[in-house]
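# Examining the three-dimensional arrangement
Below are the chains, spelled out letter by letter.
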Amino acid sequence: MSPTSNALARLEAEVVACRRCPRLVAWREEVARTKRASFRDEEYWGRPVPGFGDPAGWLLIVGLAPAAHGANRTGRMFTGDRSGDWLYRALHRAGLATQPDSAYRDDGLRLNGAYITAGVRCAPPGNRPTPAERDACRPYLERELEALRAVRVVVALGGFAWANVLRILRDRGVWLPRPTPRFAHMAEVPIRNGSADGAPAEGAGATREGAWLIGSYHPSQQNTFTGKLTEEMFDAVWRRALELKG
Ligand code: SF4
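Overview of the structure. The numbers attached to residues start from 1 for each chain and follow its sequence in the written order. At least 70 in pLDDT is required for a residue's local features to be given in this predicted model, at least 80 for side-chain atom pairs to be given and counted, and no such filter applies to totals for whole chains, interfaces and linings, which use all residues. Heavy atoms throughout the structure, all of them, feed into the side-chain values; hydrogens and water do not.

## Points about the layout of surface pockets
In this structure, the largest pocket occupies an estimated 790 Å³ of space. Taken together, 34 residues form the lining of the largest pocket, with Ala67, Ser83, Asn127, His218 and Ser220 sitting closest to its centre. Counting from the N terminus, the helices are DSSP H or I runs at least four residues long and the strands are E runs at least two residues long. For the lining of the largest pocket, the elements supplying multiple residues, two or more each, are helix 4 (82-93), helix 6 (159-171) and helix 7 (221-224). Here the lining of the largest pocket takes three residues from helix 7, the largest share from any one element. Class assignment for the residues of the lining of the largest pocket results in 16 nonpolar, 14 polar and four charged. If you go around the second largest pocket, you meet 19 residues; those closest to its centre are Glu12, Pro50, Gly51, Phe52 and Gly53. Put simply, the parts of the chain that give the lining of the second largest pocket at least two residues each are helix 1 (3-16) and strand 1 (52-53). If you tally residues by element for the lining of the second largest pocket, the top one is helix 1, at six residues. Side-chain classes follow a simple rule in which Ala, Val, Leu, Ile, Met, Phe, Trp, Tyr, Cys and Pro form the nonpolar group, Asp, Glu, Lys and Arg form the charged group, and the remainder, Gly included, forms the polar group. When grouped by side-chain class, the residues that make up the lining of the second largest pocket number nine nonpolar, four polar and six charged. Of the grid points, spaced at 1 Å and generated over the protein atoms alone, those admitting a 1.4 Å probe that cannot get out make up cavities, while open sets with protein on both sides within 12 Å along at least five of seven lines make up pockets; any residue with an atom within 4 Å of a point is treated as lining. Grid points are joined across faces, edges and corners, and a volume is the space filled by probe spheres set on the points.

This is the structure we're talking about:
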């Protein structure tokens, strides 16, 4: 097992046992107990959802949090809901996923060159984690950013993920343009190792020289049903990521 795979396996074991956020622990477990009628015969995961994908990936995709009846049910990021259908279809079109569907944890799906995670690992009520919950979960994302040493491009799905990633990079001493770049679909930020005064930044992985951050609208139903995010717009994100990878 590679050092990255080792680090990610240790992280996964910690994540799935985490109970730091009492409100989210209560919610994820209640949803798992009460279930949606259409899934009443299924056993819900009902725990924190670990990252998923290629440990040697050059692309890191960061979402908001698991959906109550999606990843909180299946135990895999973006799996078992409409947002995931959109995401994996697009990744498959871009050659980054082996299949366009993502129904359950052991469905054979593999990612080529990509790794998917979220800023918060437990399903939050109304898809809205509190700032305290975001901060409690932040060390897990930081450790992924450090462990995934081949990452060249980070795609933030939505403004929450965008702000979360930028906050982590800034706090790690990574140079960022001033003022802090605002979230927009297809916004790009170069990630340069070292602060404005030339001091070297801590860590490696996605915080190193030559990486990029791209913003994308989140493939939530709110965006895809209204046409705010179309398949063409989403495809352009992965095309751009492939270009930046070089
Ligand atoms: Fe732990 Fe993150 Fe879940 Fe909070 S959101 S309980 S920190 S895994």
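That shown, we press on.
## Looking at the nonpolar core
Grouping buried Ala, Val, Leu, Ile, Met, Phe, Trp, Tyr and Cys residues that are joined through side-chain atoms within 4.5 Å yields what is termed a nonpolar core. Think of it in three bands: residues with accessible area under 20% of the maximum for their type are buried, residues over 50% are exposed, and the middle band is partly exposed, with areas taken using a 1.4 Å probe on protein chains only. One finds Leu59, Leu91, Ile116 and Trp238 to be the most contacted residues of the largest nonpolar core, which totals 32 residues. Broken down by secondary-structure element, the contributors of at least two residues to this core are strand 2 (59-63), helix 4, strand 3 (114-118), strand 4 (153-157) and helix 8 (231-245). In terms of nonpolar packing, the next biggest core, distinct from the first, is built from 24 residues, Leu8, Val154, Ile168 and Ala211 among them.

## Concerning the site of the ligand
Being near a molecule or strand, for a residue, comes down to having at least one heavy atom within 4 Å of it. The environment of the ligand is made up of Cys18, Arg20, Cys21, Leu24, Pro48, Val120, Arg121, Cys122, Ala136, Cys137 and Tyr140. Given that more than half its atoms are within 2 Å of the pocket grid, the ligand belongs to the largest cavity. Looking at the shell around the ligand element by element, the count peaks at three residues for helix 5 (residues 131-147). By residue class, the composition of the shell around the ligand is nine nonpolar, no polar and two charged. A pocket or cavity is taken to hold a molecule when more than half of that molecule's atoms are within 2 Å of the pocket's grid points.

## Observations concerning the sheet that holds strand 4
Whether two strands pair comes down to DSSP finding at least two bridges between them. Across the sheet, six strands lie side by side as 1-3-2-4-6-5; this open sheet has mixed pairing. Looking along the sheet, the strands with just one partner apiece sit at the ends: strand 1 and strand 5 (188-191). Summarising the sheet, strand 5 and strand 6 (residues 211-216) pair through four bridges and their orientation is antiparallel. When the bridges of strand 6 are listed, isoleucine 191 appears paired with alanine 211.

## Looking at empty space enclosed by the protein
One pass over the structure, following the stated rule, counts one cavity of 30 Å³ or more. Here the largest cavity is characterised by a volume of approximately 90 Å³. Secondary-structure elements contributing two or more residues to the lining of the largest cavity are helix 2 (22-34) and helix 5.

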